[in-house]
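The lines below spell out each chain.
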2 protein chains.
Amino acid sequence: MLKSPLQVARGKYVPKMPKILQGPVKLVEGDKTQSVADKEDIKRLFNNTYGMPILSLLPASKEKSYPAIKVAVVLSGGQAPGGHNVISGLYDGLKRCNLANRLYGFLGGPLGMVDNQIVELTEDMVYHYRNTGGFDIIGSGRIKLEEESQYDKVIENCKKININALVIIGGDDSNTNAAVLAEYFLKKKSGIQVIGVPKTIDGDLKNEVVETPFGFDTACKVYSGLIGNIQRDANSSKKYFHFIRLMGRSASHIALECALQTQPNIAIISEEVEQKNMSLDDVVKYITDIIMRRSIQGNNFGTVIIPEGLVEFIPAMKKLILELNDVLAKVKDKIDLIEGNRERRELVAKELSPESAEVFDSLPYSFANDLIIDRDPHGNVLVSKIETEKLLLDMVTLRIKEKKKAGDFKGKFSAQPHFFGYEGRCASPSNFDADYCYTLGFTASILISEGKTGYIASVKNMIKPAEEWLPGGAPITMMMNMEKRQGIMKPVIRKTLVDLKGKPFIELKEMRETWAMNTMYIYPGPIQYFGPPEVCDYSTQTLVLEKS
Amino acid sequence: MLKSPLQVARGKYVPKMPKILQGPVKLVEGDKTQSVADKEDIKRLFNNTYGMPILSLLPASKEKSYPAIKVAVVLSGGQAPGGHNVISGLYDGLKRCNLANRLYGFLGGPLGMVDNQIVELTEDMVYHYRNTGGFDIIGSGRIKLEEESQYDKVIENCKKININALVIIGGDDSNTNAAVLAEYFLKKKSGIQVIGVPKTIDGDLKNEVVETPFGFDTACKVYSGLIGNIQRDANSSKKYFHFIRLMGRSASHIALECALQTQPNIAIISEEVEQKNMSLDDVVKYITDIIMRRSIQGNNFGTVIIPEGLVEFIPAMKKLILELNDVLAKVKDKIDLIEGNRERRELVAKELSPESAEVFDSLPYSFANDLIIDRDPHGNVLVSKIETEKLLLDMVTLRIKEKKKAGDFKGKFSAQPHFFGYEGRCASPSNFDADYCYTLGFTASILISEGKTGYIASVKNMIKPAEEWLPGGAPITMMMNMEKRQGIMKPVIRKTLVDLKGKPFIELKEMRETWAMNTMYIYPGPIQYFGPPEVCDYSTQTLVLEKS
């Protein structure tokens, strides 16, 4: 395996651990828990795992001896920096609990548990992945297990080599799945435990129990570094507005965090757009207004940050997309026979409600065409493929042309689109994520050794240095409520969107007019691993503002 | 000025300097020089500055005293990491030559010299920009000075505050301009010296005199870090091919260097495409073939690196674009009245030569439309706006669909486009570029103090540690030849394209089949500033392979 100089040097990093985990520990039960909502339903669905107490790890007087066990880990969903360190921590923790413990990995995500694609993770194997990004040690996958027959298959496969426990590293859906499996395994008296670990760059798996999901820190730092570079470029050549879309599914946590780290001229927050019931045109007006005001000051350059999920938070667009899904399913066969884009658009527009037809008609043609052409196998509009940064750029360009014609804009306007996503999901974890993930994995090993199931590994007090972090566990059910999924009410972990009353958003709100009109860019630069602590160990503004 | 923790810490970095520059120096003349070609023409056009000797800086027994001077610096063309360090080095060097020396900066590029937009660069001002990316200290601009009236204006403006010398930091065009100004100023007996500094991320200002232009190292490291992250992602989820276009104007130096740093599955080198007289379709076939062969092994993922300038190196495309420029100029008015894309394409196709019409017809419609619609103010096709990564992605997708239909492809194919450019141009300079630029600036200060003009600051022996670097100067005219520009023969610095017989390309050629079929990605990670030397101080593969 050929490695870059950084990979080699970074391999030697020893993650910082909470002091508590450095010596003997004991597990202490705290308060009994309840789900965040729909208590009766969740209790009924999880009657073996509902209401369990919060668990804290505290220093003990002497090392406890645990029986030898076999644990299998699975990586689920989109990649996030630090996954490999969860596995390193889990491996080291298991070995500390009992040298005879063994760790396995199911390959390619949850489906590997059903298909019994499994490898043993040895010291030598884990060694090459310490402090590295990616999920490539065992791969990942998005397929959810939803059938009891699949759960039975997992039990069967685990029994084959006597796996005692599963560790599922994933986001809200995957941890929901962990809770379901834990409950099912108890009901079936399989003896197999399940522990979840909170992962997602999107930042939306965050609540009373999870201060921040792992990966969010690194991904935001990667994107902020790039945004900073682009801002420096904008401020040097002074001729472009950069429209930068950031990955992050629905919630705007990443866009918000990156805005706080870089102080761009404009940052759109989807949750606010929805709350204010803004139309696409309102967003375009908002951006254009700032561009025009900057131009009057002679500043024909700037940065605009756009969250990936924006379009679905614009009520009128959401409605249009829902209608399009129906219409496209209906006219599917007809549409594929039509050659001209204009004719296709006309056919679709006829089938839409008058309001949606108007919105559809207001879209740039190329974008409207893409909405019709790019469909998933079920005929649905591919929302994740919508290049919102280009859509807004096109619409703003058009609006500025009109203003120019009317004599209301005398400046210059030129823009560049960007999209950052894949660049951050598999970045080498920041010290924060490397330490956090290692601690999560180590904590999971103790929860398992103590016989716990249906818990998520949790670390608290994270705005303090790693030495003072507080490891423990929380029942997954306490994060759950009932939500409609494909028409059916299901128990799921509640996603956390940006809180418009929370400190991070308020900070943005207070500063954004200043940032819009003054060029006050901050340039975070690339993630550093070897420098002074103030450069290498700081965490996100979001975490600091939320927890202090 | 709010700064990130890294900006603050990096501000304290003291660039490493050649040992020679750490004590007293003397200037030693080497061989007389000649231009790389067209000796008679260049000699005639530069009869005051042609044939001057190479200059080397060597240790002297005692510090020399120089009269106090005023120097003005200008940043020209696209940004490159390290520009601010050239200015820091120039400032510190001038102060060492004579504490009474003063440094000024013309604002916004070469036009600032004509419009007399000038500021004094004080210690306090320079302080904030040490070791930072960007050209924002005085801004940059692309406008070239081509009229003698402009040159006279520059003399007039310099005379106003008694500027003794100009330092022009720029690429091949800007250094050509420096040579022209140096010659003109001598002819006019203005007494104003001109020194050039070799800048460009593109890597094409490289020759006997310039081992590498500054900025290339940092930009390639930024892009390679991102490519590595994407490769880790590809190798984790194993479901996407990533088509990554890299900035770098005509030459493929950046694409080649990034390929050597990251070992992608496919790397296209424009110079090879041209040499082999490949068509766009040949490139598509080449990519598709590797995708299909990877798929047979079960690897439905990978990376494809594409140089920005590719399209213009495909002979048939180059011809098409030249013809389109003529046709679009001709039918300009007519075309704007046509509403339908198909009708527009048909109108244009009719005017093209049969061969070009065939190529035009083979392009995906959306791309052909863009070629017609996106024109510069002169009506020309905007080559820099061509999203070659999407063009190839679309064409490969189509080809794979056909293969699937024919039963020749049984795998899955899904792809993501990326373009990296602005992310790297203003990145904080790597140690290599920070040291190199500081040394260039410092060297320029001595060349000026020694009364030289028409020289470019140069540093040699750069594959050795900075302490062993050899600073000096070379007459700009020795890099020049005659080339046709907009129909007229002009003296210009010869651009260096990728040498298909050079070691860097041969390395790629020898390895690429292995890299195509085996997943051997290297993950360089982000640029590090504080770690061990093997992580922080290495230079590009290109430089190492070319010079060792």
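Residues numbered from 1 in each chain as written. Chains lettered and ligands numbered in written order. Predicted model: local features only at pLDDT ≥ 70, side-chain atom pairs only at ≥ 80, totals over all residues. Heavy atoms only, no water.

(A) Region of the structure containing the overall build of chain A. Along its length, chain A carries 23 helices and 15 strands. For chain A, whose C-alpha radius of gyration is 25 Å, the value lies close to the compact-globule estimate of 24 Å for 548 residues. By sequence separation, contacts in chain A at least 24 residues apart represent 79% of the contacts at least 6 residues apart. Accessible surface, chain A: about 21,200 Å² in total, of which carbon and sulfur atoms supply 51%. In chain A, which carries 70 positive and 68 negative side-chain charges, the distance between the mean positions of the two groups comes to 2 Å. (Helix = DSSP H or I, 4+ residues; strand = E, 2+ residues; numbered from the N terminus. Rg over C-alpha atoms; globule rule 2.2 N^0.38 Å. Contact = heavy atoms within 4.5 Å. Areas by Shrake-Rupley, 256 points an atom, 1.4 Å probe, with all protein chains shown as cover. Lys, Arg positive; Asp, Glu negative; His and termini not counted. Charge placed at Lys NZ, Arg CZ, Asp CG, Glu CD.)

(B) The arrangement of the environment of A:Gln486 in detail. Residues and elements named next belong to chain A. Among the structural elements, glutamine 486 can be located in the loop between strand 14 (480-485) and strand 15 (488-493). Here glutamine 486 falls in the exposed class, since its relative accessible area comes to 81%. Separated by 23 residues in sequence, glutamine 486 and isoleucine 463 place their C-alpha atoms 38 Å apart. (Buried < 20%, exposed > 50% of the residue type's maximum accessible area, 1.4 Å probe, protein only.)

(C) Focus on the interface of chain A and chain B. At the interface, 60 residues of chain A touch 60 residues of chain B. Approximately 4,700 Å² of surface area, both sides summed, lies buried where chain A meets chain B, with 53% of it carried by carbon and sulfur atoms. In this assembly, chain A and chain B are joined by six salt bridges. Note that A:Arg425 and B:Asp233 form a salt bridge whose closest N and O atoms lie 2.7 Å from each other. Counting the contacts that link chain A with chain B gives 30 residue pairs in polar contact (both at pLDDT 80 or more). The dominant element in the side of chain A that touches chain B, judged by the number of residues it contributes, is helix 9 (residues 216-237) of chain A, at eight residues. (Buried area = accessible area lost by both parts, 1.4 Å probe. Salt bridge = Lys/Arg side-chain N within 4 Å of Asp/Glu carboxyl O. Polar contact = N/O pair within 3.5 Å; in protein donor to acceptor, adjacent residues only side chain to side chain.)

(D) Region of interest: the sheet that holds strand 1 (residues 25-32) of chain B. All names here are of chain B. Strand order in the open sheet formed by nine strands is 1-2-13-12-7-6-3-4-5, with mixed pairing between adjacent strands. Two strands lie at the open edges of the sheet, namely strand 1 and strand 5 (118-120), each paired on one side alone. Direction aside, neighbouring strands of the sheet carry axes that sit 25° apart on average. With six bridges joining them, strand 6 (residues 165-170) and strand 7 (residues 193-198) adopt parallel strand pairing. Note that in strand 7 the partner of valine 167 across the bridge is isoleucine 195. (Pairing = 2+ DSSP bridges. Axes fitted to C-alpha atoms, helices over the stretch in contact; angles between N-to-C directions.)

(E) Here's a closer look at the pairing of strand 3 (residues 70-75) of chain A. Residue and element names in this part refer to chain A. For strand 3, the buried fraction is high: five of the six residues fall into the buried class. Pairing of strand 3 with strand 4 (residues 102-106) involves four bridges; the strand directions are parallel. Bridged to valine 73 within strand 4 is glycine 105. A crossover connection joins strand 3 to the parallel strand 4 through helix 4 (residues 83-97); in handedness this β-α-β unit is right-handed. Pairing of strand 3 with strand 6 (residues 165-170) involves five bridges; the strand directions are parallel. (Right-handed = clockwise from strand over helix to strand, strands pointing away.)

(F) Here's a closer look at unusual backbone geometry. All names here are of chain A. If you check the backbone angles, aspartate 38 has positive phi at about 50° while not being a glycine. Summarising the element assignment, aspartate 38 is placed in the loop between strand 1 (25-32) and helix 3 (39-45). Aspartate 38 sits in the partly exposed class, given a relative accessible area of 33%. Phi at lysine 189 is positive, roughly 50°, even though this residue is not glycine. In this fold, lysine 189 is placed in the loop between helix 8 (172-187) and strand 7 (193-198).

(G) Looking closely at the sheet that holds strand 9 (residues 266-267) of chain B. All names here are of chain B. Strand order in this open sheet of four strands is 9-10-8-11, and the pairing throughout is parallel. Every interior strand has two partners, whereas the edge strands, strand 9 and strand 11 (415-420), have only one. Relative to strand 11, strand 8 (residues 241-246) runs parallel, the two being bridged by six bridges. Across the sheet, arginine 245 pairs through a bridge with phenylalanine 419, a residue of strand 11. Sheet strands touched by helix 10 (residues 253-262): strand 8, strand 9 and strand 10 (302-307). Its angle to strand 10, the strand with the most contacts, is close to 155°.

(H) View of the nonpolar core. In terms of nonpolar packing, the biggest core is built from 244 residues, with A:Leu166, A:Tyr223, B:Leu166 and B:Tyr223 touching the most fellow members. Those residues in contact with A:Tyr223 that lie beyond four places of it in its chain are A:Ile201, A:Leu246, A:Met247, A:Ile254, A:Cys258, A:Phe420, A:Gly421, A:Gly424 and A:Arg425. (Core = buried A, V, L, I, M, F, W, Y, C linked by side-chain atoms within 4.5 Å.)

(I) Looking closely at the relation of the copies chain A and chain B. Of the two same-sequence chains, chain A is brought onto chain B (RMSD 0.0 Å, axial shift 0.0 Å) by a rotation of 180°. Such a turn and shift between the copies fits a two-fold axis. When you check the interface residues of chain A against chain B, 100% turn up at the interface there too, and the contact is symmetric in its surfaces. (Least-squares fit on C-alpha atoms with pLDDT ≥ 70 in both.)

(J) The packing of aromatic side chains, seen in detail. Residue and element names in this part refer to chain A. Tallied over the entire structure, the rule returns 14 aromatic pairs over all chains. On the basis of an interplanar angle of 70° and a centroid distance of 5.7 Å, the ring pair of phenylalanine 432 and tryptophan 469 is categorised as edge-to-face. In this pair, phenylalanine 432 is assigned in helix 20 (residues 431-449) and tryptophan 469 in the loop between strand 12 (455-460) and strand 13 (470-475), connecting sequence segments 37 residues apart. Grouping residues by exposure puts phenylalanine 432 and tryptophan 469 together as buried. Aromatic side chains tyrosine 438 and phenylalanine 442 sit 6.2 Å apart centroid to centroid with 35° between the ring planes, which places their arrangement in the tilted category. Placement of the pair is tyrosine 438 and phenylalanine 442 together in helix 20, with a separation of four residues, close to one helical turn. In terms of burial, tyrosine 438 and phenylalanine 442 fall into one category: buried. An aromatic cluster is built from Phe432, Tyr436 and Trp469, whose rings are joined through pairwise contacts. (Phe/Tyr/Trp six-rings, centres within 6.5 Å; stacked < 30°, edge-to-face > 60°.)

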